[in-house]
Amino acid sequence: MKLVVALGGNALQADGKPATAEAQLCTVKATVTHLADLIASGHQIVIVHGNGPQVGRLVLQNEYAKPVTPPMPFDVCGAMSQGLIGYHIQQALQEELKRRHIDKPVATLLTQVVVDPQDAGFQNPTKPIGPFYTQEEAEALKKEQGYILVEDSGRGYRRVVASPEPKRIVELATIQELVGHEQIVITVGGGGIPVVETENHTLAGVAAVIDKDLAAERLAEDLGADGLIILTAVEKVSLHYGKPEQQDLNQITVQEAERYITDGQFAAGSMLPKVRAGVKFVTSQPGRMAIITSLEKANEALTGKSGTRIVP
Ligand SMILES: Nc1ncnc2c1ncn2[C@@H]1O[C@H](COP(=O)(O)OP(=O)(O)O)[C@@H](O)[C@H]1O
Ligand SMILES: NC(=O)OP(=O)(O)O
C-alpha cells in the first residue's frame, strides 16, 4: 500500500530528556526501525514529521541571540527545522535499510505549503510550539515577551502560534516524481514552510506553523495514497482522555468523530487535528484508510490489531 506516515513529536525527541541533537538522533534511530518494518512489509511510505518542539526552540534561540546576531524569522526557522529533522531521519533510515539489505534511496525535500493570508488561524493561535513551562513560568513569559501560552493536554504550558490550513503543496510535482520512482521521501516536514501567494505571483514566508497532520492529509490526497497513518504518543484515540472514565476507541465512524469533535473530546492543537485529518482523508474518496496509533503499534494497526481506525 502507498502510505503517508505522519510522525509526532515523540518519534523525534524522548520525553523528559534534554532537547539535544544527540537525544533527537537517538530517538530517531529507534523510530526508523518501525518505519523500516513498514517498508519491509512491502508498503511504500512517504514520511511527514512534526516540528512543534524544534521550531519553537529555534525561534527561542534566535530571540535570545538577538543582541549578537539578527534573528531569523519564523518561516526561516520552519525551513531550518525541516533540515535538522530530515537530516536525522534520512541518515538513520538509510542506515537501518542498509542493515536490512533493503536497497531504497531516502531523501528530504524542503517543502513550502501555501496558506490563505485571511485564514482565521491567524487571529486565533492554536499550535503549541517549543518547550513546556510551569504556570508561573508561563505567566512571566506572557508578561515579559507577550507570548500567548495555553495548557497542553495536562503536560504543562506552551507557547501557541497561528496555524493556518494547508492549501497547496508547492513542491508536489517533485514529490510525485520521487514517489513514482519508489524513492522514500521525507517531505512537508512541520506541515511545510508556510507561504502566501503575493499579488505579483511570488511566494512569501509567513509567521505560522502549519499542522503537520492536516498537511500530511493534503499530501495523502494529492498522492492518491491508500492510507494516512498518524503516529503519536498514544496507542488509541480516547473519549474522556486522561479522566478516570477514559474510553479507548478501536474504530470511529466519520459521523461519530464529528459528534465527538462537537462534544470537545479532542484537544485543539493535539488530538483534534489528527481526527480532522483522518475524517477528511476517508471522506475524500471511497476505500481510503486512516489510522491514529503509536509508533510501536503501526504495523499491528495496519492489520486491524491496534490503533484507532476512522471509517466512513
Ligand atoms: N481524546 C484524546 N485521545 C487521546 N489522546 C489525546 C486526546 N486528547 C488529547 N490527547 C493528547 O494528544 C496527544 C497527541 O497530540 P500531540 O502530542 O500534539 O501529537 P504529536 O505526536 O503529533 O506531537 C496525545 O499524546 C495525548 O496526550
Ligand atoms: N507542525 C506540527 O504539527 O508539529 P507537531 O506535530 O510537532 O505539533
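See the structure printed just above.
Cut-offs and rules
- Residues numbered from 1 in each chain as written.
- Chains lettered and ligands numbered in written order.
- Predicted model: local features only at pLDDT ≥ 70, side-chain atom pairs only at ≥ 80, totals over all residues.
- Heavy atoms only, no water.
- Pairing = 2+ DSSP bridges.
- Helix = DSSP H or I, 4+ residues; strand = E, 2+ residues; numbered from the N terminus.
- Axes fitted to C-alpha atoms, helices over the stretch in contact; angles between N-to-C directions.
- Parallel < 35°, antiparallel > 145°, perpendicular 65-115°, else oblique.
- Left-handed = near helix turned anticlockwise from the far one by under 90°.
- Contact = heavy atoms within 4.5 Å.
- Nonpolar A, V, L, I, M, F, W, Y, C, P; charged D, E, K, R; others polar.
- Core = buried A, V, L, I, M, F, W, Y, C linked by side-chain atoms within 4.5 Å.
- Buried < 20%, exposed > 50% of the residue type's maximum accessible area, 1.4 Å probe, protein only.
- Near = heavy atom within 4 Å.
- Polar contact = N/O pair within 3.5 Å; in protein donor to acceptor, adjacent residues only side chain to side chain.
- Areas by Shrake-Rupley, 256 points an atom, 1.4 Å probe, with all protein chains shown as cover.
- 1 Å grid on protein atoms, 1.4 Å probe; cavity = no way out; pocket = protein on both sides within 12 Å on 5 of 7 lines; lining within 4 Å.
- Sits in = over half its atoms within 2 Å of the grid points.
- Salt bridge = Lys/Arg side-chain N within 4 Å of Asp/Glu carboxyl O.

Caption draft 1: How the structure looks around the pairing of strand S17 (residues 308-311). Bridge count for strand S15 (residues 251-253) against S17 is three bridges, and the pairing is parallel. Residue pairing in the sheet places Ile252 in a bridge with Ile310 of S17. Where strand S16 (residues 289-294) meets S17, three bridges bridge the pair, whose relative direction is antiparallel. When the bridges of S17 are listed, Ile291 appears paired with Arg309.

Caption draft 2: Quick peek at the packing of helix H7 (residues 254-262) against helix H8 (residues 271-284). Across the interface, H7 lies against H8 with an axial gap of 10 Å and an inter-helix angle of 150°. For the element pair H7 / H8, the angle class is roughly antiparallel. Helix-helix and strand crossings are classified by hand; for H7 and H8 the assignment is left-handed. Every residue of H8 that contacts H7 at Val254, Ala257, Glu258 and Ile261 is listed here: Leu272, Val275, Arg276, Val279, Val282 and Thr283. Residues that form the contact of H7 with H8 fall into these classes: seven nonpolar, one polar and two charged.

Caption draft 3: View of the nonpolar core. Membership of the largest hydrophobic core comes to 43 residues, with the highest contact counts inside it found for Val4 and Leu219. Sort the elements by how many residues they give to this core and H8 lands first, with seven residues. When sequence neighbours within four positions are dropped, the list of residues in contact with Leu219 reads Val4, Val46, Val48, Ile169, Leu172, Ile175, Thr187 and Val188.

Caption draft 4: Structural context of the site of ligand 1. Neighbouring ligand 1 are 19 residues; Lys212, Thr232, Ser238, Tyr241 and Lys274 lie closest to it. A distance of 2.6 Å is found between an oxygen atom of ligand 1 and a side-chain nitrogen or oxygen belonging to Lys212. Between ligand 1 and Ser238 there is a distance of 2.7 Å, counted from a nitrogen atom to a backbone nitrogen or oxygen. Protein chains bury 90% of the 570 Å² of accessible surface belonging to ligand 1 in isolation. In this structure, ligand 1 is accommodated by the largest pocket. Of all the secondary-structure elements, those providing two or more residues to the shell around ligand 1 are strand S13 (237-239) and H8. When grouped by side-chain class, the residues that make up the shell around ligand 1 number seven nonpolar, eight polar and four charged.

Caption draft 5: Molecular detail of the pattern of salt bridges. Taken as a whole and judged by the stated rule, the model has 15 salt bridges. Its salt-bridge partner being Glu182, residue Lys104 comes within 3.6 Å of it at the nearest N-O pair. Here Lys104, found in the loop between helix H3 (74-99) and strand S3 (106-108), pairs with Glu182, found in the loop between helix H5 (172-180) and strand S9 (184-186); they are 78 residues apart in sequence, far enough to count as distant. Asp213 is the partner of Lys274 in a salt bridge, and the nearest nitrogen-oxygen pair spans 2.9 Å. Of this pair, Lys274 sits in helix H8 while Asp213 is found in helix H6 (residues 212-223), placing the two residues 61 residues apart along the sequence. The same class applies to Lys274 and to Asp213, which are both buried. One network of salt bridges, in which partners are shared, links Glu217, Arg218, Glu221, Asp222 and Lys280.

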